Amino acid sequence: MVYICLANGFEEVEALAPADILRRAGVEVKLAARGGSATGSHGITVTADCDIADMDAEHAELVILPGGLPGAHNLFADPAVQALPKAAEKGVRIAAICAAPYILGRLGLLEGKKAVCYPGFEGELRGATVVRDAAVVTDGLITTGRGAGAALDFGFELAALLKGDEAAANLRAGMYAASVGAAGATIRV
């Protein structure tokens, strides 16, 4: 099971793009939000599959924290997110993108790891070596993504980690081919 944690103010694309990609890859994904729904930073309200209080993070394959503000701050304040170090101790993969990697830093989960985040949050990646020239970094069981523009790469990396590189590459190729056709480029006339 993969859980994507939502809190009011989350960055919609950082939650929904990985959810879409992982579901296409055949991964069981549940969106988890306190009270059963959350409204993103751009006013899109998403109905969750479960309450975040009912999330079984310690037995999950992966827990994902999207960024966005104030979403990342709201996630950090949630007791279910505060309990993530226990899940990490049990070998659960944890991923965060944009501002949300700061949560992992504050929870002590980035110690000795390489990580990326949205520019300006680097000082919050406590214990990490900040990588500045990558969109997504996986170091052990921790994956971090730079921001909304990296949401698809973030999702494909998570699919590769759970389903294998070949499956993720095939999924990426299929989604990309469907979106650009034979031309392979955007044309502006």
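Residues numbered from 1 in each chain as written. Predicted model: local features only at pLDDT ≥ 70, side-chain atom pairs only at ≥ 80, totals over all residues. Heavy atoms only, no water.

1. A word on the packing of aromatic side chains
Alright, step 1. Following the criterion strictly, the structure yields 2 aromatic pairs and no others.
Alright, step 2. Here Phe-76 and Tyr-102 contribute two aromatic rings whose centre-to-centre distance is 5.8 Å and whose plane-to-plane angle is 50°, an arrangement assigned as tilted. Residue Phe-76 is found in helix α2 (residues 71-77), and its partner Tyr-102 is found in helix α5 (residues 101-106); the two are separated by 26 residues along the sequence. A single burial state applies to Phe-76 and to Tyr-102, both of which are buried.
Alright, step 3. Taken together, Phe-76, Tyr-102 and Phe-121 form an aromatic cluster joined through their ring pairs.
Alright, step 4. Across from the ring centre of Phe-76, 5.6 Å away, lies the NZ or CZ of Arg-106, which sits over that ring. (Phe/Tyr/Trp six-rings, centres within 6.5 Å; stacked < 30°, edge-to-face > 60°. Helix = DSSP H or I, 4+ residues; strand = E, 2+ residues; numbered from the N terminus. Buried < 20%, exposed > 50% of the residue type's maximum accessible area, 1.4 Å probe, protein only. Lys NZ or Arg CZ within 6 Å of the ring centre and 35° of its normal.)

2. With respect to helix α1 (residues 12-24)
Side chains of residues three or four places apart in an α-helix project in the same direction, reflecting 3.6 residues per turn.
Alright, step 1. In a regular helix each residue adds 1.5 Å, so 13 residues correspond to 18 Å; α1 covers 18 Å between its end C-alpha atoms and thus fits that length.
Alright, step 2. Listing the buried residues of α1 in full gives Glu-12, Glu-14, Ala-15, Ala-17, Pro-18, Ala-19, Ile-21 and Leu-22. (Expected span 1.5 Å × (residues − 1).)

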